[in-house]
Amino acid sequence: MAMTRRDFIKASAAASAALLVGINPGKAKTAQAATTQDVDKWVRGVCRFCGVGCRVELGLKDGRPVALRGVSGSKTNLGFLCMKGMLFHRIMYHPDRLKKPLYRERKDQPFKEISWEEALDIAAAKFAQAVKEHGPESVAYYGSGQCLTEETYIFQKVMRAGLRSNNVEGNPRLCMASAVGGYLTSFGADEPIGAYEDIEKAYCFFIIGSNMAEAHPVIFRRLMRRKLDKPQEVKVINADPRVSPTSRIADMHLQFTPGTDLALLNSMAYVIIEEKLYDEEFIKNYCKFKKPGKPVTDVGFEDYKAYLADYTPERTASLCGGNITAENIRQAARMFATSRGTMSFWCMGINQRIRGVWANNLIHNLHMLTGQLCKPGADSFSLTGQPNACGGVREGGGLCHILPGHRPVKIDKLRHQVEDLWGVPRGRIPKKPGYHTVAMFSAVNEGKIKAIWINCTSPAQSLPNCDKYRKGMAREDVFMVVTEIFPTKTTELANLVLPTAFHFEKTGVYGCTERRSQLTVKTVDAPGEAKPEVWIVREWALKLAEKLNDPVIKKCVEPFVGLDEDFDLPKAIWDEYTQKITAGRDNDLRGATYEVLMQMADGVQWPAPTKEHALKGGTYKKFVRGIDPLADKHAKDDKPYVFYGPAHKDAKLYFWLRPYKGAAEEPDSEYPFFLSTGRIIDHWHTTSMTGRIPELMRANPYAYVEINPKDAARLGIKPGDMVEVTTRRGKCVLPAKIYVGPMEGMVFVYWHDMHEDRMINRVTKDAFDPGSKEPEFKICACRISRVSGPKQLRPFIVQM
Amino acid sequence: MPVAGFVVNARREDLKAVVDKLQEIKGAEVHGTDDKGHIVLVLEGDSGEEMEKVAAGITRMDGVISLHLAYFHAEDEVEKIERGEIKPRFSFGRQHEKSCVL
Ligand code: SF4
């Protein structure tokens, strides 16, 4: 019987899946023929929906994207995708895409469509006016870990060297800043040492404060596969106050009271020392012990040991509560220390803490103590939420205190280096870091910031305690530009909304969690008049230069004038960034030119100082001689590892003696519950994208509050009942899900719902880590009460 | 009518039971299994919406550890969106619902 086109498509689907697991596709034998039936061609790119950085191929038919697939053997995802991979075409074609610049003089007026010429003129005039009247500190840029590296880089260049303002921030402050602080203070260099490929070499996984199964499903799959392939040899420890789908593959689940993580980590170190499971050689060769304070003092192993004396497993178990016993702290410590390769994974549960940097330090301490670093299958690996938080924001200078190439702005030598490389006068970039995120939006509230540009993120929804900051964004004397693909809670507060091109509608690089840069080239046209950000910034800067009569602003974008925005422009920006700015830095990307990235389907892991090295894929593991060319270059003896990170001149790793510290707001008699928040697999960030996909909305249409059955019984709450969650900042009303997920005394809310009643960040706390300035989203105190039985709810999405 | 290819990971001991159950699903075809618990599954649905429900249901089935996507084809749906036949089914209304703002 002849095959129909539909049969061919199904055969293709079967063949693609079968290939990933090496199964003979059976019925799909004709798949080879099928590949020409389903699409005209497949184009390569990287998935944009999270920090894993899966390689994908977009299928085009008559020039339109109609299909998507994974590619067997891809380095990051081995060809597997999660359900979010199915979203591309629905976002690209969605009728709600922003297609024209929109403007209103006052925020209580309706928007009207205007031309790009007018829009850029207004944006330039408003920023110029703010600078003239109130100085460079009155303007700000707030970007995103979803922006391409080229975009973040060019924006921050114009802000810093053009407008002389370090008010450059981005939403990675809300999720990654503590990890940055942890890597810098412990290892002297940001970002993980190892890579995903360590997963297949590891024998113990320590997952703390991360629901990988839902937030990073494809990495979780690798880990799950490893565990299932060697169920006896490979051990998985999951430490989290909440039982989540991640716990499914765990040998041991340590359920501790929120905020007691630092004690637990110190106690594991206590056991490792008490039972002499530490790696003396590693410590002697590579580590120092630091006692915090002013000044920081050098101490020794014995001091560290004495310091840990407070953290006996017995005492710690009673502090941690939950299901934790002294014996399981001991067991976990033994598994961690004695495995042939231990990998830790963590995410927001550790980073979004009042002492998130300390928590990161204490995880690193365990790896240093046991020598579980640099060898195959061992690493202290922080997971990233967004596709380009690492590549764009951490490396490209997207936070107020760092210049591109991992350079702290306050260090004169490094700042001058950047000024020289950009060809702008020394002193042009201010020495003082700008406002960090919470301070930035506080300054908006106070009317100190007069003009702010928000790019590809929705702070009106994603900031903690967001009601407080929405008031500032709503001020009539704050001019707000938002570049976006869809209407959001933030565009609602804007004066000027500029439509931007989406993924595959523009060209640029994403750098994922494992130091891997991958290029996606423009394949389809953006809808309407939507434009790539790099074009928007260049044109805006040229107008700014005119209005402020300042040739230095023009100088910032001069190398890019006249270049085609679809390819040559981002390429030239990438070239400047990599060839000039990353040269000689630890994230040296000189070898990873567009030409090389086009050849390397899986991209390149830095350091990649030369093309030869980049064409081999770059550096799988930092600091290891024979693998990392910079380790070879910086080596002073014949030891196998060289920790040349820019923040530690002595090339040592530092143990930090960090005490236990609870949450900023602990439950009390008035607010007796811990409130914790997180996200769900089918929704991502503030749903401005995935919320628009109807079937996903239906899978999980609402935020709900998870309540432990024992607490629910005590309070008379039944499944589906409407429950009021009240904190010191406000209240939300959500349906109840009665579930053994959260431990007793704790409730949990997913934070993707845009409905006012269910937008949980309106009530979370905006206390932040004094080191990383990252807010403690994860924990605050609340009370709960039943308001009614189940109610019909309506999903809510903003539309213009 | 979108078509998707998935790899389902079942617990080894439950493989047969899971395959049997998958074959009962309308629009589902099992294209192979192995002794690691992998199942090659093709789904076809009237709409992306329906498929999503089915896929979510599969992840909740006893014996299923995970479900990952390998291939997704949705040309018909693209055309429907382009022609304006598929509309978001809920109202995106602009009005604020401030019932609980303090
Ligand atoms: S895991 Fe992340 S990068 Fe991979 S397909 Fe899912 S959303 Fe995309």
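Rules of the game
Residues numbered from 1 in each chain as written. Chains lettered and ligands numbered in written order. Predicted model: local features only at pLDDT ≥ 70, side-chain atom pairs only at ≥ 80, totals over all residues. Heavy atoms only, no water. Axes fitted to C-alpha atoms, helices over the stretch in contact; angles between N-to-C directions. Helix = DSSP H or I, 4+ residues; strand = E, 2+ residues; numbered from the N terminus. Parallel < 35°, antiparallel > 145°, perpendicular 65-115°, else oblique. Contact = heavy atoms within 4.5 Å. Nonpolar A, V, L, I, M, F, W, Y, C, P; charged D, E, K, R; others polar. Core = buried A, V, L, I, M, F, W, Y, C linked by side-chain atoms within 4.5 Å. Buried < 20%, exposed > 50% of the residue type's maximum accessible area, 1.4 Å probe, protein only. pLDDT = per-residue confidence, 0-100. Near = heavy atom within 4 Å. Domains from an automatic or database assignment. Buried area = accessible area lost by both parts, 1.4 Å probe. Salt bridge = Lys/Arg side-chain N within 4 Å of Asp/Glu carboxyl O. Polar contact = N/O pair within 3.5 Å; in protein donor to acceptor, adjacent residues only side chain to side chain. Arc of directions from axis to C-beta. Pairing = 2+ DSSP bridges.

A.B. asks: Requested: an account of the packing of helix 22 (residues 533–547) of chain A against helix 24 (residues 568–581) of chain A, with residues and values cited.
C.D. replies: Residues and elements named next belong to chain A. Interhelical geometry of helix 22 versus helix 24 gives an angle of 80 degrees and a closest axis separation of 9 Å. The orientation of helix 22 with respect to helix 24, classified from their angle, is roughly perpendicular. Seen from helix 22, the contacting residues are Val534, Trp535 and Arg538; seen from helix 24, they are Leu569, Pro570 and Ile573. Of the residues assigned to the contact of helix 22 with helix 24, the class counts are five nonpolar, no polar and one charged.

A.B. asks: So what's going on with the nonpolar core? Residues and values would help.
C.D. replies: Soluble globular proteins tend to bury their nonpolar side chains together. If you look at the biggest cluster of nonpolar residues, it comprises 87 residues, and the most contacted ones within it are Phe345 of chain A together with Leu41 and Ile58 of chain B. When neighbours within four sequence positions are excluded, leucine 41 of chain B is seen to be in contact with Ala4, Gly5, Phe6, Val8, Leu22, Ala28, Glu29, Val30, Ile58 and Leu67 of chain B. The next biggest cluster of nonpolar side chains, apart from the first, holds 67 residues, and it includes Ile536, Leu569, Leu597 and Ala614 of chain A.

A.B. asks: Break down the confidence of the model for chain A for me, citing the residues and quoting the values.
C.D. replies: Of all residues in chain A, 93% attain a pLDDT of 70 or more, and the chain-wide mean is 90. The model gives residues 681–701 of chain A a pLDDT under 50, and that stretch makes 85 contacts with residues more than four places away or in other chains.

A.B. asks: Can you break down the site of the ligand residue by residue, with the values?
C.D. replies: The local shell around the ligand consists of Cys47, Phe49, Cys50, Val52, Gly53, Cys54, Leu81, Cys82, Lys84 and Val218 of chain A. In terms of residue class, the shell around the ligand is built from eight nonpolar, one polar and one charged.

A.B. asks: Help me get a handle on the domain arrangement of chain A, residues and values and all.
C.D. replies: All names here are of chain A. Entries for chain A in the domain assignment read domain 1 (37–91), domain 2 (102–172 + 411–546), domain 3 (177–382) and domain 4 (673–788). Averaged C-alpha coordinates put domain 3 and domain 4 at centres separated by 27 Å. Contact with domain 3, which involves 25 residues of that partner, is made by 25 residues of domain 4. Buried area between domain 3 and domain 4, both sides added, is near 2,100 Å², and the carbon and sulfur share of it is 57%. Contact with domain 4 buries surface across domain 3, with Arg242, Gln352 and Ile354 losing the most and accounting together for 34% of the total. Counting across the domain 3 and domain 4 interface gives one salt bridge. Taking the shortest distance from any N to any O, the salt bridge between glutamate 706 and arginine 242 comes out at 2.8 Å. Remark: the boundary between domain 3 and domain 4 carries nine residue pairs in polar contact (both at pLDDT 80 or more). Contributions of two or more residues to the side of domain 3 that touches domain 4 are made by helix 7 (177–187), helix 8 (212–215), helix 15 (348–351) and helix 16 (356–370). When its residues are assigned to classes, the side of domain 3 that touches domain 4 shows eleven nonpolar, ten polar and four charged.

A.B. asks: Which residues make up helix 1 (residues 15–24) of chain B, and what are the values?
C.D. replies: Side chains three or four residues apart in an α-helix point the same way, a direct result of the helix having 3.6 residues per turn. Residue and element names in this part refer to chain B. All of the buried residues along helix 1 are Leu15, Val18, Val19 and Leu22. Looking straight down helix 1, one finds that the buried residues subtend no more than 100 degrees of arc, so they occupy a single side. Opposite the buried face of helix 1, at more than 90 degrees from it, the exposed residues are Lys16 and Glu24.

A.B. asks: Let's hear about the sheet that holds strand 28 (residues 746–750) of chain A: which residues, and what values?
C.D. replies: Residue and element names in this part refer to chain A. Strand order in the closed barrel formed by six strands is 24-28-25-27-26-29, with mixed pairing between adjacent strands. Averaged over all pairs of adjacent strands, the angle between strand axes in this sheet comes to 45 degrees, irrespective of strand direction. Bridging between strand 25 (residues 705–707) and strand 27 (residues 730–738) involves three bridges; their strand directions are parallel. Paired with isoleucine 707 across the strands is isoleucine 738, a residue of strand 27.

A.B. asks: Go over unusual backbone geometry, please, and point to the residues and values.
C.D. replies: Residues and elements named next belong to chain A. In this structure, proline 295 follows lysine 294 across a cis peptide bond, with omega equal to -5 degrees. Tracing the backbone through its elements, the reader meets proline 295 in the loop between strand 11 (287–291) and strand 12 (297–299). Omega for the peptide link from tryptophan 606 to proline 607 comes to 0 degrees, which places this bond in the cis form. Secondary-structure assignment places proline 607 in the loop between strand 22 (604–605) and helix 26 (611–614). Phi at aspartate 62 is positive, roughly 50 degrees, even though this residue is not glycine.

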